[in-house]
Amino acid sequence: MALTKICRHFNDLSNTQLYDLLRLRSDVFVVEQNCVFLDPDNLDQQCHHVLFYDDTEIVACSRLVPPGGSYPEMSIGRIVTSMAVRGTGMGKQLVEFSIEECRRLFGDGPIKIGAQLYAKKFYESFGFVQSSDVYDEDGIDHIKMILAGA
């Protein structure tokens, strides 16, 4: 697998890259998880986006939200891997790279996420700790989690 890792601000994404990330997010969040919600939420424009490509096929992406965007803290959101790479460690690579890029772009402060409850242990493996009660978001149980500053 020839993995290419990209991190670009929304304004620097090509049309193809933007289409790829929106398509992957829709494939997983709307179709696979059967969750009807409006993914384009007017936050993407102020974010950096991480895209992983296997040759020319997008296999994973996330968005890096600056402090004050979703929370007072910087945040990682829309963390998604394609079905084709699940179980290969791609999700771990994506989160590690996203954390590194958040720190590079926004500093050493804490990182907050809204995680699907089933992925709690996965995020705990990076040092995130639960910081809220369980809440429903679009019919899926979620929790807030925070990673202490570096």
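Counting restarts for each chain: residues are numbered from 1 in the order of the written sequence. pLDDT decides what is reported in this predicted model: residues at 70 or higher carry local features, side-chain atom pairs at 80 or more are listed and counted, and totals for whole chains, interfaces and linings draw on all residues regardless. Only hydrogens and water are set aside; all other atoms, that is, all heavy atoms of the structure, feed into the side-chain values.

Engineer: Would you mind going over the overall build of the protein with me for this structure?
Structural biologist: Within the protein, the regular secondary structure consists of 3 helices and 8 strands. Secondary structure elements follow DSSP: runs of H or I of four or more residues count as helices, runs of E of two or more count as strands, with numbering from the N terminus. When the elements of the protein are put in sequence order from the N terminus, they spell out β-α-β-β-β-α-β-α-β-β-β. Note on method: radius of gyration uses C-alpha positions; expected globular size equals 2.2 Å times residues raised to 0.38. For the protein, whose C-alpha radius of gyration is 14 Å, the value lies close to the compact-globule estimate of 15 Å for 150 residues. Taking the principal axes of its C-alpha atoms as reference, the protein extends roughly 40 × 35 × 30 Å. Per-residue burial over the protein gives 43% buried out of 150 residues. Across the protein, the fraction of contacts at a sequence separation of at least 24, relative to all contacts at a separation of at least 6, is 61%. Using the Shrake-Rupley algorithm and a 1.4 Å probe, accessible areas are obtained, with residue cover drawn only from the displayed protein chains. Carbon and sulfur atoms form 51% of the exposed surface of the protein, whose accessible area is close to 7,800 Å². To sort residues, take the accessible area from a 1.4 Å probe on protein chains only and compare it with the maximum for the residue type: under 20% means buried, over 50% means exposed, and anything in between is partly exposed. The contact criterion used throughout is that any non-hydrogen atoms of two residues lie within 4.5 Å.

Engineer: Explain unusual backbone geometry to me, please; I cannot follow it from the model alone.
Structural biologist: Negative phi is the rule for most residues except glycine; trans is the rule for most peptide bonds. Despite not being glycine, Asp55 has its phi angle at roughly 60°, a positive value. Its place among the elements puts Asp55 in the loop between β2 (48-54) and β3 (57-65). You can call Asp55 exposed: its relative accessible area is 56%. If you check the backbone angles, Asp138 has positive phi at about 55° while not being a glycine. The topology assignment puts Asp138 in the loop between β7 (135-137) and β8 (140-147).

Engineer: Honestly, the pattern of salt bridges in this entry has me stumped. Any pointers?
Structural biologist: Any two side chains of opposite charge can pair, so long as their charged atoms come close to each other. When a carboxyl oxygen of Asp or Glu lies within 4 Å of a side-chain nitrogen of Lys or Arg, that pair is called a salt bridge. Evaluation of the coordinates by the stated rule reveals 8 salt bridges. The residue Arg25 makes a salt bridge to Asp44 at a minimum N-O spacing of 2.9 Å. Of this pair, Arg25 sits in helix α1 (residues 15-32) while Asp44 sits in the loop between α1 and β2, and the two are 19 residues apart along the sequence. Pair check on accessibility: Arg25 and Asp44 agree, each one buried. Across the salt bridge formed by Glu96 and Lys92, the nearest N and O atoms sit 2.9 Å from each other. Within this pair, Glu96 and its partner Lys92 are both found in helix α2 (residues 90-106), separated by 4 residues, close to a single helical turn. Three or more residues are tied together by salt bridges with common partners; here these are Arg25, Asp41, Asp44, Arg63 and Arg78.

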